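Report on the structure
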Amino acid sequence: MGTVGLVFDGENIGSVSSSHEYDHEKELDAGALFVLKSKGSWVHCVYHLTTSIVAPPLLSLPFALASLGWWGGILCLGIGALVTFYSYNLLSMVLEHHAQLGRRHLRFRDMANDILGPRWGGYYVGPIQFVVCYGAVIGSTLLGGQCMKAIYLLLNPSGTMKLYEFVVIFGGLMLMLAQMPSFHSLRHINLISLLLCLAYSACATAGSIYIGSSSKGPEKDYSISSDKETRIFGVFNAIAIIATTFGNGIIPEIQATIAPPVKGQMFKGLCICYAMLSTTFFSVAISGYWAFGNQAEGLILSNFTQNSHNLVPKSFIFITNIFIILQLSAVAVVYLQPTNEVLERTFADAKSTEFSSRNVIPRLISRSISVIISTTIAAMLPFFGDINAVIGAFGFLPLDFVLPVIFFNLTFKPSKRRPIFWLNMAIAVAFSVLGVIAAIAAVRQISLDAKTYRLFANV
């Protein structure tokens with residue numbers, strides 16, 4: 001899979017040769033030329049992939065297991081890992097195929113335009129990718145502010161600063177990082193991000209094992225709710241959490257950063273990324289659920305404090321939150337790239353140099369406004385996590401589970417006698433249905449929580 005090519009009806013579809021490999025049929029626009037410049041290696045691809053997937057939402061996995069139980073939770077984690085690795089590799093193969101034919105696609109909507117038609121690219125894939133990625137920026141900003149507030153209260157329990165003030169502080173950090181000119185220019189930041197995700201995952205795992213092995217932790221209870229409605233919606237909500245935790249939504253844009261030839265580069269990057277993903281996801285999920293059972297919180301670090309009493313040393317919580325805050329800034333700026341690309345394409349001039357005043361001034365203004373808007377939404381809607389669950393159901397699930405297998409079948413047209421055709425169709429149907437159910441569960445959660453919603457609430 002990925003590097004060897006697949007054969008259907010005697011035709012090798014994974015290694016189509018072309019005399020114009022990687023040639024562009026038309027001149028690149030400013031968004032592709034400046035934001036998605038292709039200068040990186042597969043190693044840089046590992047950094048980008050890991051930052052976009054192995055992110056702080058993985059700290060919610062013990063909470064998901066609490067609704068699924070041991071066997072159901074581990075099974076869903078395994079299926080999520082296998083299906084996303086498979087679908088991302090299929091997406092990469094489709095991108096490589098078109099590149100070898102002389103039509104290298106640098107954006108998700110470019111793929112959709114070519115494979116599904118311009119209406120699908122312009123009115124479905126492009127908009128949902130934009131909303132999902134911008135929603136991830138808002139969600140990361142909100143979570144960054146919450147982690148800052150947690151540190152503040154750790155050091156000053158009687159402090160009076162509000163959540164929105166910390167969100168604004170995090171937004172100030174984002175305001176600087178957003179000016180990084182291209183996706184490729186984030187490679188060093190994303191290397192640090194990779195190390196940070198390993199660090200806070202190790203801290204979360206170690207903290208859970210420490211509490212679970214001591215008398216400080218709660219009594220372990222792995223039972224699932226006896227209420228039928230709560231149990232059913234809990235299962236679907238947990239599956240949606242797992243699916244969106246594996247979500248990416250920007251595979252084409254990440255592959256666009258690789259310098260040609262791209263053949264096989266993404267596959268190597270995915271293999272390394274998923275080795276780290278498996279290590280972090282399973283260790284945090286299993287240790288957190290083992291230690292806290294059905295009392296696991298939405299963010300496992302919340303379990304490290306009970307009744308204002310820290311179950312692990314204060315310095316340990318402080319350091320773990322610092323790791324999370326720093327990585328969240330990298331995650332947010334990665335998911336800001338599709339927005340930056342749209343802004344660059346709209347306001348920049350591809351005929352002028354990247355750092356000419358003609359391009360630098362609009363870039364500075366447009367990106368600053370973009371960050372100010374996302375920060376304002378995060379500060380104003382501290383319940384944005386509930387809204388993001390709906391966005392994830394309608395966005396991440398189609399982009400990462402459904403469209404890759406459809407693109408593959410439409411591009412390579414495997415025979416209906418081949419198992420891969422029906423495997424892909426089964427994945428598309430199953431995760432389309434799951435997306436609808438997850439959206440219903442997310443809307444139900446919003447209705448349950450609506451009475452607690454307040455603008456600029458200090459939660």
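Residues numbered from 1 in each chain as written. Predicted model: local features only at pLDDT ≥ 70, side-chain atom pairs only at ≥ 80, totals over all residues. Heavy atoms only, no water.

Basically, it comes down to this: UniProt positions are given in the numbering used here, feature names are shortened, and annotations may be inferred rather than shown by experiment.
As named in an unreviewed UniProt entry, the protein chain is Amino acid transporter transmembrane domain-containing protein, taken from Anisodus acutangulus. The record held by UniProt for the protein chain lists under Subcellular location (unreviewed entry) the comment "Membrane".

**Looking at the overall build of the protein chain**
Let me state the cut-off plainly: The secondary structure listing takes helices from DSSP runs of H or I that are at least 4 residues long and strands from runs of E that are at least 2 residues long, numbered from the N terminus. Radius of gyration: over C-alpha atoms. The globule rule applied is 2.2 Å multiplied by the number of residues raised to the 0.38 power. Only protein chains enter the accessibility calculation, which uses a 1.4 Å probe; a residue is then buried when its area is under 20% of its type maximum, exposed when over 50%, and partly exposed in between. Contacts between residues were defined by any pair of non-hydrogen atoms, one from each residue, lying within 4.5 Å. Accessible surface is estimated by sampling points in the Shrake-Rupley manner with a 1.4 Å probe; for residues, cover comes only from the protein chains shown. For the purpose of counting charges, residues Lys and Arg are taken to be positive, whereas Asp and Glu are taken to be negative. His and the chain ends are not included. The atom standing in for a charge is NZ when the residue is Lys, CZ when it is Arg, CG when it is Asp and CD when it is Glu.
Assigned secondary structure in the protein chain consists of 15 helices and four strands. The C-alpha atoms of the protein chain give a radius of gyration of 22 Å, which matches the 23 Å a tight globule of 459 residues would have. Each principal axis of the C-alpha atoms in the protein chain carries an extent, and together these give about 70 × 60 × 35 Å. In the protein chain, which comprises 459 residues, the share counted as buried stands at 55%. Considering only intrachain contacts with a sequence separation of at least 6, the fraction spanning at least 24 residues in the protein chain is 84%. Carbon and sulfur atoms form 66% of the exposed surface of the protein chain, whose accessible area is close to 19,000 Å². Distance between charge centres in the protein chain, computed from 30 positive and 24 negative side chains, equals 2 Å.

**Here we look at the nonpolar core**
One broad rule of soluble globular proteins: the nonpolar side chains tend to lie buried together. Basically, it comes down to this: For our purposes a nonpolar core is just a set of buried Ala, Val, Leu, Ile, Met, Phe, Trp, Tyr and Cys residues, chained together by side-chain atoms within 4.5 Å.
Leu59 and Phe407 are the most contacted members of the largest nonpolar core, which totals 123 residues. Broken down by element, this core gets its largest block of residues, 18 residues, from helix α3 (residues 61-100). In contact with phenylalanine 407, not counting residues within four places along its chain, are Leu91, Val94, Phe108, Met111, Ala112, Ile115 and Leu116.

**Looking at unusual backbone geometry**
The omega torsion across proline 260 and proline 261 is 0°, close enough to zero to call that bond cis. The topology assignment puts proline 261 in the loop between α9 (251-256) and α10 (265-292). Even without being glycine, lysine 413 reaches a positive phi, approximately 45°. With a relative accessible area of 61%, lysine 413 lands in the exposed category.

**Notes on empty space enclosed by the protein**
Convention followed: Buried and open spaces are told apart on a 1 Å grid over the protein atoms alone, a cavity being a set of points where a 1.4 Å probe fits but cannot get out and a pocket being an open set with protein on both sides within 12 Å along at least five of seven lines. Residues with an atom within 4 Å of a point are the lining residues. Grid points are joined across faces, edges and corners, and a volume is the space filled by probe spheres set on the points. Three residue categories are used. Nonpolar comprises Ala, Val, Leu, Ile, Met, Phe, Trp, Tyr, Cys and Pro, charged comprises Asp, Glu, Lys and Arg, and polar comprises the others, including Gly.
Evaluation of the coordinates by the stated rule reveals one cavity of 30 Å³ or more. Looking at the largest cavity, its volume works out to about 50 Å³. As for the largest cavity, its lining consists of Leu95, Ala99, Arg104, His105, Pro252, Gln255, Ala256 and Val262. Broken down by element, the residue count for the lining of the largest cavity peaks at three residues, all from α9. Broken down by class, the residue content of the lining of the largest cavity amounts to five nonpolar, two polar and one charged.

**Some thoughts on the side chain of serine 92**
With respect to the element layout, serine 92 can be found in helix α3. Apart from residues no more than four positions distant in its own chain, serine 92 is found in contact with Gln255 and Met266.

**A few points about the packing of aromatic side chains**
Let me state the cut-off plainly: Any Phe, Tyr or Trp ring, taking Trp's six-membered ring, that has another such ring centre within 6.5 Å forms a pair; planes under 30 degrees apart are called stacked, those over 60 apart edge-to-face, and the others tilted. Note on criteria: charge over ring means Lys NZ or Arg CZ within 6 Å of the ring centre, with the direction from the centre no more than 35 degrees off the ring normal.
The tally for this structure, following the rule as stated, stands at 15 aromatic pairs. Here the aromatic cluster, defined as three or more aromatic residues joined through ring pairs, consists of Trp70, Tyr222 and Tyr289. Its end group placed over the ring of tryptophan 290, lysine 220 keeps NZ or CZ at 4.8 Å from the ring centre. Note that arginine 444 overlies the ring of phenylalanine 233, its terminal NZ or CZ placed 4.4 Å from the centroid.

**Thoughts on helix α2 (residues 42-53)**
Operational definition: By definition here, a helix of n residues has an expected span of 1.5 Å times n minus one.
Compared with the 16 Å implied by 1.5 Å per residue over 12 residues, the 16 Å span of α2 between its first and last C-alpha is a close match. With respect to burial, α2 is a largely interior element, 10 of its 12 residues being buried. Turning to α2, its buried residues are His44, Cys45, Val46, Tyr47, His48, Leu49, Thr50, Thr51, Ser52 and Ile53. In this structure, the buried side of α2 is in contact with α3, α7 (187-213), α8 (228-245), α9, α10 and α11 (314-335).

**Points about the packing of α3 against α10**
Each pair of packed helices gets described by two things: the angle between the helix axes and the distance between those axes. The cut-off we apply is this: Fitted lines through C-alpha atoms give the axes, limited to the stretch in contact for helices. The angle between two N-to-C directions lies from 0 to 180 degrees. Angles are sorted into four bins: roughly parallel if under 35 degrees, roughly antiparallel if over 145, roughly perpendicular if 65 to 115, and oblique for all others.
As a packed pair, α3 and α10 sit with axes 11 Å apart at the nearest point and diverge in direction by 175°. Here α3 is positioned roughly antiparallel relative to α10, judged by the angle of their axes. Of the residues in the contact of α3 with α10, the class split is 22 nonpolar, seven polar and one charged.

**Brief notes about a nonpolar patch on the surface**
The criterion, for reference: Patch definition: residues above 30% relative accessible area lacking any salt bridge, with like charges linked at up to 9 Å and the nonpolar side chains Val, Leu, Ile, Met, Phe, Trp and Tyr linked at up to 5 Å. We count a salt bridge whenever a side-chain nitrogen from Lys or Arg sits within 4 Å of a carboxyl oxygen from Asp or Glu.
A cluster of nonpolar side chains, namely Leu155, Phe318, Ile319, Ile322 and Leu326, defines an oily patch on the protein surface of about 410 Å² accessible area. Here the element with the most residues in the nonpolar patch is α11; it accounts for four residues. If you trace the backbone, phenylalanine 318 turns up in helix α11.

**Re the pattern of salt bridges**
A side chain with one charge may pair with a side chain of the opposite charge, provided their charged atoms come close. Considering all chains together, one arrives at 11 salt bridges under this definition. As a salt-bridge pair, aspartate 29 and arginine 107 come within 2.9 Å of each other at their nearest N and O atoms. On the criterion of sequence distance, the pair formed by aspartate 29 in the loop between β2 (11-12) and α1 (30-35) and arginine 107 in the loop between α3 and α4 (108-115) is long-range, its members being 78 residues apart. Using a relative accessible area of 25% as the deciding quantity, one classes aspartate 29 as partly exposed. When its relative accessible area of 8% is taken as the criterion, arginine 107 is described as buried. Here arginine 107 makes a salt bridge to aspartate 110, at a shortest N to O gap of 2.9 Å. For the pair formed by arginine 107 and aspartate 110, the shared burial category is buried. Where salt bridges share partners, they join Asp29, Arg107, Arg109, Asp110, Glu341 and Arg345 into one cluster.

**A word on the packing of α2 against α7**
Applicable threshold: Take the far helix as your reference; a near helix turned counterclockwise from it by less than a right angle gives a left-handed crossing, and one turned clockwise gives a right-handed crossing.
It is the contact of α2 with α7, at a shortest axis distance of 8 Å, that shows an interaxial angle of 55°. In terms of orientation, α2 and α7 fall into the oblique class. As for the relative orientation of α2 and α7, their crossing is left-handed in sense. For the pair α2 and α7, contact is made by His44, Val46, Tyr47, His48, Thr50 and Thr51 and by Arg187, Asn190, Leu191, Ser193, Leu194 and Cys197, respectively. Residue classes in the contact of α2 with α7 are distributed as five nonpolar, six polar and one charged.

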